[in-house]
Amino acid sequence: MRLWNKYKVTSIPSLVFVDAATGKVVCRNGLLVVRDDPKGLEFPWGPKPFAEVVAGPLLRNNRQAADSGSLEGHYVGVYFSAHWCPPCRSLTRVLVESYRAIKESGQKFEMVFVSADRSEDSFQQYFSEMPWLAVPYSDEARRSRLNRLYGIQGIPTLILLDAEGHMITRQGRVEVLNDPECQLFPWHPRPVLELSEANAVQLHEGPCLVLFVDAEEEGELEPAKELIQPVAEKLMAKSKAKEEEMPLLFFVAGEAVPGGPVLLGVGLGQAPVPACSQLLNTQCVSDDMTDSLRDYTNLPEAAPLLTILDMSARAKYVRDVEEITQGVVDQFVSDFLAEKLKPEPI
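An unreviewed UniProt entry annotates the chain as Nucleoredoxin originating from Muraenolepis orangiensis.

Below is the structure:
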């Protein structure tokens, strides 16, 4: 399970190539490598710059062509999606408005659609709804290379890149849904998130520290965020220095988080090629999100309550103390990362 979490595996079969000398990931989507380069001519399949992988003609939905060089100096959203996927179509409708709002604000921003549609006709129908650019459907090799570059395991996925082509976040989908007015664009990762209906999907992407507090009014979560933020920032800095992903995400959850029906499941079910993200073995709860999460993970009703939830391992860790301080949080995180804590089943 440690390996599953380390490499963010959400579906099988999954093949990850690693540089044994450094431990760094060479390629997350080894299945596409094996398919696209069966003779190993491109070995060792290391990551290439986005500009090199995307190089070539791009399309607009008026059938006019644009060169990938036009992306230079822009923030870029790389959008992996397909018409046959209902969550993709829902996200696309939101993205169209976000895209226009960002462009109207004067930001240098462009998006590139990388299709997982099953036919040229489906691609054309879906792309006609999009005001941005797309990799031609006929260029399967380039679409596959982009999937390989970002280790895409499911759709919809929105990758945000800075003007130099470096990744800002893989969580563009969550950011757009959480920030429909795009006030936080370009959505640099925040150390601590407030649990919401839009970002609850991240609970399935690896271990998450969740601090439950008694907060029913807007703004009452701020003291909780300030408590755990230094710990989260320290871990984020360490991960960035090692060029690794965060081993732990940080959330605060109030006792009355607004939201509609919530899906909580044991994992993500996806096909070995980019497929529609689905929650398996789910339970649909229309009550308060925090209560739903507590019920699903069988947590006590106490608040404040400091926990680490690992949905993929179906494990939880609970720190039962009278007072939660920054020192308590720091030690809890250190013990978890050092594998000193005993898990309880979810």
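Continuing now.
### Comments concerning a nonpolar patch on the surface
On the surface, a cluster of nonpolar side chains totalling about 330 Å² of accessible area is made up of Met1, Trp4 and Ile12. Looking at the element boundaries, tryptophan 4 is found in helix α1 (residues 2–6).

### Some details on the side chain of serine 81
Here serine 81 shows up in strand β5 (residues 75–81). Classification of serine 81 as buried rests on a relative accessible area of 0%. Within polar-contact distance, the side chain of serine 81 engages the side chain of tyrosine 126 at 2.8 Å. When residues no more than four places from it in sequence are discounted, the contact partners of serine 81 are Cys88, Thr92, Phe113, Val114, Ser115, Ala116, Asp117, Tyr126 and Ile155.

### Things to note about the sheet that holds strand β17 (residues 305–310)
Judged by pairing direction, the sheet is mixed, and its 6 strands sit side by side in the order β10-β12-β11-β17-β18-β19 without closing on themselves. The open sheet is flanked by β10 (193–194) and β19 (344–345), the only strands paired with a single partner. In this structure, strand β18 (residues 315–319) lies alongside β19, joined through 2 bridges in antiparallel fashion. Along β19, the bridge assignment pairs alanine 315 with proline 345.

### Quick look at the environment of alanine 232
Among the secondary structure elements, alanine 232 is positioned in helix α8 (residues 222–241). The exposure class assigned to alanine 232 is buried, which follows from its relative accessible area of 0%. Sequence separation between alanine 232 and leucine 248 is 16 residues, and the spatial gap between their C-alpha atoms is 8.5 Å. Not counting chain neighbours up to four residues away, the residues in contact with alanine 232 comprise Pro191, Val192, Met246 and Phe250.

### Remarks on the pattern of salt bridges
For the structure shown, the criterion picks out 13 salt bridges. In this structure, glutamate 245 engages arginine 28 in a salt bridge whose closest nitrogen and oxygen atoms are separated by 2.8 Å. Here the residue glutamate 245 occupies a position in the loop between α8 and β12 (249–253), and arginine 28 occupies one in the loop between β2 (25–27) and α2 (30–36), the gap between them amounting to 217 residues. As a salt-bridge pair, aspartate 335 and arginine 319 come within 3.8 Å of each other at their nearest N and O atoms. Remark: arginine 319 occurs in strand β18 and aspartate 335 occurs in helix α10 (residues 326–337); sequence separation between them is 16 residues. What makes aspartate 335 buried here is its relative accessible area of 13%. Taken together, the salt bridges that share partners define one network made up of Arg35, Asp36, Glu42 and Arg148.

Conventions we followed
Residues numbered from 1 in each chain as written. Predicted model: local features only at pLDDT ≥ 70, side-chain atom pairs only at ≥ 80, totals over all residues. Heavy atoms only, no water. Patch = residues over 30% accessible without salt bridge, like charges linked within 9 Å, V, L, I, M, F, W, Y side chains within 5 Å. Areas by Shrake-Rupley, 256 points an atom, 1.4 Å probe, with all protein chains shown as cover. Salt bridge = Lys/Arg side-chain N within 4 Å of Asp/Glu carboxyl O. Helix = DSSP H or I, 4+ residues; strand = E, 2+ residues; numbered from the N terminus. Buried < 20%, exposed > 50% of the residue type's maximum accessible area, 1.4 Å probe, protein only. Polar contact = N/O pair within 3.5 Å; in protein donor to acceptor, adjacent residues only side chain to side chain. Contact = heavy atoms within 4.5 Å. Pairing = 2+ DSSP bridges.

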